[in-house]
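Here's the letter readout for the chains.
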Amino acid sequence: LGTPVDLLTKPPKDLPKEVQVEFNRDVQRNLKYGGYAGAAVYGYMAFHAFLTWYLGTKDAGAYLTAHVFLPFAFGFALLTVAKKNYRTFITAFTFGVASSAAVAWIYGPLLLAPVLITAHATLFALLRPWKVRLYVILTSCLAWTVSVFGQRWGLFPETLRFVNDGIEIHSSIIALPEYKT
């Protein structure tokens, strides 16, 4: 009974080697699964972007520019599966969140960008190192700010208008159906 009480009241300063090895194995496994999940999501997003482009765009150059980050996010997610480190995983996040903010160029700041950026912030902020979480939160806030204020700052074309107590969303890049709010 004395040993468990000592361990609970005076924990060791350093983790035992066996615990550290098991912890590192868990981190490697989680990074591998995170890489698979990222590759699946970014692959789907790239496939969806291709289908939307295939169905018709008014300005293919602008459309492709807004989606240029997706193949990089997909590639770094796959690289995370192979290398199993935070650097490649965070690089995939950076390209993914940049692509999510750039979607405001096409659809405006209210349709997809907030959901995609929030999903990135929520999922990637679950990573263990606090510096990585801080980077994820700050980058997500920056991406949200750019997506919301990008039109006002002249970064994105006008996609959002307030008309007669309603919001009108239109895109100069793809054809959106007309809905009134």
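Okay, so let's go over this structure. (Residues numbered from 1 in each chain as written. Predicted model: local features only at pLDDT ≥ 70, side-chain atom pairs only at ≥ 80, totals over all residues. Heavy atoms only, no water.)

Along the backbone of the chain there are 8 helices and 2 strands. Scanning the chain from its N terminus toward the C terminus, one meets helices and strands in the order α-α-α-α-α-α-α-α-β-β. Relative to the globule expectation of 16 Å for 181 residues, the C-alpha radius of gyration of the chain, 21 Å, shows a markedly less compact shape. Oriented by its inertia axes, the alpha-carbon framework of the chain measures out at about 75 × 35 × 25 Å. Residues counted as buried form 31% of the 181 residues belonging to the chain. Sequence-distant contacts in the chain: of pairs separated by 6 or more residues, those separated by 24 or more amount to 65%. Treating the 16 positive side-chain charges of the chain as one cloud and the 10 negative ones as another, the clouds have centres 9 Å apart. (Helix = DSSP H or I, 4+ residues; strand = E, 2+ residues; numbered from the N terminus. Rg over C-alpha atoms; globule rule 2.2 N^0.38 Å. Buried < 20%, exposed > 50% of the residue type's maximum accessible area, 1.4 Å probe, protein only. Contact = heavy atoms within 4.5 Å. Lys, Arg positive; Asp, Glu negative; His and termini not counted. Charge placed at Lys NZ, Arg CZ, Asp CG, Glu CD.)

Turning next to the nonpolar core. In terms of nonpolar packing, the biggest core is built from 34 residues, with Tyr42, Tyr63, Ile106, Phe124 and Val136 touching the most fellow members. Mapped onto this core, the elements with two or more residues apiece are helix H2 (17-55), helix H3 (60-66), helix H4 (70-83), helix H5 (86-102), helix H6 (104-107), helix H7 (113-124) and helix H8 (130-153). Here this core gets 7 residues from one element, more than from any other, and that element is H5. The residues touching Phe124, leaving out its near neighbours within four places in the chain, are Tyr42, Phe89, Phe93 and Val136. (Core = buried A, V, L, I, M, F, W, Y, C linked by side-chain atoms within 4.5 Å.)

Right, let's get into the packing of H4 against H5. The contact between H4 and H5 brings their axes to 8 Å, and the two run at 160°. Put simply, H4 runs roughly antiparallel to H5. Remark: the crossing between H4 and H5 carries left-handed chirality. Mapping the contact onto sequence places Leu70, Phe72, Ala73, Phe76, Ala77, Leu79, Thr80 and Lys83 in H4 and Thr88, Phe89, Thr91, Ala92, Phe95, Gly96 and Ser99 in H5. (Axes fitted to C-alpha atoms, helices over the stretch in contact; angles between N-to-C directions. Parallel < 35°, antiparallel > 145°, perpendicular 65-115°, else oblique. Left-handed = near helix turned anticlockwise from the far one by under 90°.)

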